[in-house]
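Given next are the chains, with one letter for each unit.
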Amino acid sequence: MATTQVNTSNEPSYERKPAKRTLSTSKKWKLCSAAVHDYTQKEDQWAYIVEQFPTEKAIRWRYEMTKREFFSDEVEVKIDNKPFANGAMRECFRAKKLSKFAVRSPREDWHLPFANVVAKKYFKDSDSSVADFSHKDKEQEWHLPFANVVVKKYLKPVDRQTYFDDVQLQMDAKFWSDEYNKANPPKKIDIMQMMIIELADRPDKPLYHVESVIEGDYVKYNSNSGYVESNSEHVSRNTPQAFSHFTFEASGHKCMVVDVQGVGDLYTDPQIHTYNGEGYGSGNLATKGMALFFNTHRCNVICEALGLSKFDLTSKERKRTTTTSDGNTCLRSESFSSMDSEGKSTAERDVFIDSGIDEDSMDRKENMFNLNNQMEGAKNVPIPKIRLPSSSFDIPEDKADQAWDTEELQRMQRYNSNNRRPSCIKGATSSRERSELARKSSASDIDSRVPIGKKEERATILGQVHFDLALYHYMGRFEDDKTADNNSALFHLKSGADCGLSIAEFTLACLHLNIYHDELRELELNTNLVSESEGFMYLEKAAKHGIIAAILNVAQSYHLGLYGVTKDWVKAEKYYRKYTECSSASTDIDTHEPTYQILAKIAEMYQYGGNGLDKNPLKSGELYTEAAEAAMSAMNGRLANKWFMLAEEVWAECEEDE
């Protein structure tokens, strides 16, 4: 008779669960090795290149990102003379590059699939002939793995430096892919290695871009002008969009990697936007390109997992699910002038590219065969939440127009990932240091430590992104009927002002105070939104941040009591003085008052005194004299005589008082 075992002890009972099956490292390598072996046994579709085309010696240029310089060596190549694919800017050729790691017999070297490459080169008006530079003693060594490559040349003649700039762009983007992987996303990414070969024995010494070959479904996930891939075959993926968003925050808003495209999560031909538009070719749309990205980007589960903050958008914008771009690369000259997405593609859809590891390296197993692939964006994947503190990092406004120099990436490489700058206004403009200062000092003390023209805690790059979005909405870029979306334009204008962008602050102030301005001229605030106090607040911020017209308007407000402001001649003199300093250094003053007019106003305030300013006839006379001399230099004798007389009057008053 069967008996039932009863647990009478106080110890808990445990139900035995089947252990999870995991593959050991050695087993994974065996599977990977077998897969590589099977792949190498396939018939080489590019074998005809070995017999039909000559061997040519080439100089190979590779980029060392840590040193930011190119180094060269010699290789041997065979290149098909007919392109098999082309985009709008480059055409692609099948090619084979002789590997430096020969371990097989010479007879086998050329005919393995990995010997195939694709060559890309800019188009020229006429093709140069290919001479027979083959060497019969090396002709059999073309069958090793990794010999197949793609070589690309531009369709039209371009400067030699363009080829090297393209390589640097891709390698700089690769740095950001490494930074992304350090954040431990659910799926790692890579940007493939690119190099240059120079066929020095040909008469014109042409250059080609060289990339390894990979088979797979080539997809363009986003563009440099807001396109997001989403169709019946390729539902919009999370990883590529999160990667672009990550680069914006990790760089402190200084750059963004877009034009993400490739096979799976192996990307190629990216584009980088920089905050000032310097470097990285005509596809660098600066903050305009960043604005177009955020207009269509919707944060996903990976963005949340990486601690990326949501970019501020209106409810109408968030409801928009369709992209306004066709996926083509937009050139800088087209970003605002044509207000459409018609550009030239830098990607060749039919070319399959391999990994970011040097093609002569044997360590390709992990890139080729992902044995532990996870579902893209699956909610059941355990993703660690990362809490990122806010940063006080900002772009000094006095350096905003400097070029994106060669030391910029090296400084970014030393940038602590914990100091990322959020994409939301609240997070980007907060500052631990400023909060600490606020606890130790009164608000008035804090303000006194920030002189006019100096920066408080601002996010001017993020503000410029919002301001560009305001311009796009104002021009109807995102509407089917191309009509202006004033509500969205006002939202992003205010967002730019709240980020501390001086031009946005001044424009918003002008809307509230009905002051003439050049930007967004036809944009109007609803009557119930107009506020003189709010308008003057933004006007004074713009003045503190160096807008000359704002400085003059604030000075006049404190002098005459405009816009509901209480007269304060001490502040009026300070702003008038600042105006004379800025106007004398500016080369673009059209509607501003001459310096001698400002000096006369200050002299008048000292002549009578009041509103917080002590009467000082002596100083008033000196200022009237200075104003008269400036007017005389400007060929305005009438005003000069008037102020010379006023100077004599106030000085006579001084003598009477004595």
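Read on for a plain summary of the structure.

So, how was this worked out
- Residues numbered from 1 in each chain as written.
- Predicted model: local features only at pLDDT ≥ 70, side-chain atom pairs only at ≥ 80, totals over all residues.
- Heavy atoms only, no water.
- Core = buried A, V, L, I, M, F, W, Y, C linked by side-chain atoms within 4.5 Å.
- Buried < 20%, exposed > 50% of the residue type's maximum accessible area, 1.4 Å probe, protein only.
- Contact = heavy atoms within 4.5 Å.
- Helix = DSSP H or I, 4+ residues; strand = E, 2+ residues; numbered from the N terminus.
- Pairing = 2+ DSSP bridges.
- Phe/Tyr/Trp six-rings, centres within 6.5 Å; stacked < 30°, edge-to-face > 60°.
- Salt bridge = Lys/Arg side-chain N within 4 Å of Asp/Glu carboxyl O.

Re the nonpolar core
And then number 1: With 60 residues, the main nonpolar core has Leu493, Phe506, Leu539, Tyr576 and Trp643 as its most contacted residues.
And then number 2: If we skip the residues at most four places from it in the chain, Tyr576 touches Leu552, Ala555, Gln556, His559, Ile598, Lys601, Ile602 and Met605.
And then number 3: Of all hydrophobic cores here, the second largest spans 35 residues; its members include Tyr154, Phe164, Phe175 and Ala242.

Some remarks on the environment of Arg60
And then number 1: Along the polypeptide, Arg60 turns up in strand β1 (residues 56–64).
And then number 2: The sequence separation of Arg60 and Tyr208 amounts to 148 residues, and the corresponding C-alpha distance is 9.6 Å.

Structural notes on unusual backbone geometry
And then number 1: For Lys482, which is not a glycine, the phi torsion comes out positive at approximately 65°.
And then number 2: Mapped onto the secondary structure, Lys482 falls in the loop between α13 (460–474) and α14 (486–498).
And then number 3: Of note in this structure, Asn611 is not a glycine but carries a positive phi near 55°.
And then number 4: Relative to the helices and strands, Asn611 is located in the loop between α19 (595–608) and α20 (617–633).

Quick notes on the pairing of strand β4 (residues 90–97)
And then number 1: Burial analysis of β4 places seven of its eight residues in the buried class, which makes it a mostly covered element.
And then number 2: Examined bridge by bridge, strand β2 (residues 69–79) and β4 share three bridges and lie antiparallel to one another. Bridge pairing in β4 links Val77 to Lys97.
And then number 3: Here strand β3 (residues 85–86) hands over to β4 after three residues, the two strands then running antiparallel side by side.
And then number 4: Two strands pair when backbone bridges link them, and β4 and strand β6 (residues 148–154) are joined in this way by three bridges, in the antiparallel orientation. Looking at β6, one finds that Glu91 is bridged to Lys153.

Things to note about the packing of aromatic side chains
And then number 1: According to the stated counting rule, one finds 19 aromatic pairs in the structure shown.
And then number 2: With a centroid separation of 5.4 Å and an interplanar angle of 80°, the aromatic rings of Tyr154 and Tyr163 are classed as edge-to-face.
And then number 3: Judged by relative accessible area, which is 5%, Tyr154 ranks as buried.
And then number 4: Note on Tyr163: relative accessible area 4%, which makes it buried.
And then number 5: Between the aromatic rings of Phe293 and Phe294, the centroid separation amounts to 5.2 Å while the plane-to-plane angle is 70°, which identifies the pairing as edge-to-face.
And then number 6: For Phe294, a relative accessible area of 1% corresponds to the buried category.

Topic: the pattern of salt bridges
And then number 1: This model, assessed by the stated rule, comprises 21 salt bridges.
And then number 2: Between Asp259 and Lys220 there is a salt bridge whose closest N-O contact spans 2.9 Å. Of the two residues, Asp259 sits in the loop between β11 (255–258) and β12 (261–263) while Lys220 sits in strand β10 (residues 218–220), which places them 39 residues apart along the sequence. A single burial state applies to Asp259 and to Lys220, both of which are buried.
And then number 3: A salt bridge links Lys615 to Glu653; its shortest N-O distance comes to 2.7 Å. With Lys615 in the loop between α19 and α20 and Glu653 in helix α21 (residues 637–657), the pair connects residues that are 38 residues apart, well separated along the chain.
And then number 4: Overlapping salt bridges, with partners in common, bring together Arg90, Lys152, Glu211 and Asp269 in one network.

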